[in-house]
Amino acid sequence: MGWLWAIVVGFVLGLLAKAILPGKQHSPLWLITIFGIIGGIAGNAMARGFGIEATPGIDWGRHALQVVAAVVLVALGDMLYVSVGRRQRT
């Protein structure tokens with residue numbers, strides 16, 4: 001069940017990141033979801049490093065770090081996706 005939850009959260013994080021970024025992203029939805037999953041994992045690791053992993057109530061700090069990590073990964077991943085696609089066309 002943990003892997004299903006990771007996919008759902010990664011999908012939501014990827015869509016949030018895509019909505020936050022200006023302009024059009026060219027990456028397919030499955031790749032955005034993977035970036036979201038990795039962003040969620042990276043955000044959890046950063047939260048653990050900052051000591052805000054377990055707080056009473058909603059972990060707003062952890063969620064904010066997950067979104068920030070997903071935004072960075074979607075932006076970088078989309079640039080890489082576009083550059084690889086252009087290289088293959090020429």
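Look a little higher up for the structure.
Presented here is an overview of the structure given in this document. Since we're looking at a predicted model, the values are computed, not measured. Counting restarts for each chain: residues are numbered from 1 in the order of the written sequence. With the structure being a predicted model, the display of local features is reserved for residues of pLDDT at least 70 and the display and counting of side-chain atom pairs for 80 or more, all residues being used for whole-chain, interface and lining totals. Values shown for side chains rest on all heavy atoms present in the structure; no hydrogens or waters enter the calculation.

Turning our attention to the overall build of the protein chain. Scanning the protein chain from N- to C-terminus turns up three helices and zero strands. The N-to-C order of helical and strand elements in the protein chain reads α-α-α. Burial classes: relative accessible area under 20% of the type maximum marks a residue as buried, over 50% as exposed, and values in between as partly exposed (1.4 Å probe, protein chains only). When each of the 90 residues of the protein chain is scored for burial, the buried share is 30%. Contact definition: two residues touch when any of their heavy atoms are within 4.5 Å. Partitioning the intrachain contacts of the protein chain with sequence separation of at least 6 by distance along the chain shows that 61% fall at a separation of at least 24. As displayed, the protein chain offers around 6,000 Å² of accessible surface, 73% of which is attributable to carbon and sulfur atoms. For the purposes of this entry, the term helix denotes a DSSP run of H or I that reaches at least four residues, the term strand denotes a run of E that reaches at least two, and both are numbered from the N terminus. Note on areas: Shrake-Rupley with a 1.4 Å probe; residue coverage comes only from the protein chains shown.

Once that is clear, we can look at helix α2 (residues 29-50). Here α2 spans 31 Å end to end across 22 residues, near enough to the 32 Å set by a 1.5 Å rise per residue. Along α2, the residues that are buried comprise L31, I32, T33, F35, G36, G39, G40, G43 and A47. Positive phi shows up at G51, right after α2, with a value of about 80 degrees. By definition here, a helix of n residues has an expected span of 1.5 Å times n minus one.

Here the focus is the environment of G51. Relative to the assigned elements, G51 resides in the loop between α2 and α3 (60-89). For G51, a relative accessible area of 59% gives the class exposed. When the C-alpha positions of G51 and R62 are compared, they lie 9.8 Å apart, and in sequence the two are eleven residues distant.

Relative to the elements of secondary structure, A6 occurs in helix α1 (residues 2-20). Judged by its relative accessible area of 33%, A6 falls in the partly exposed class. Linking A6 and G57, residues 51 residues apart in sequence, is a C-alpha distance of 20 Å.

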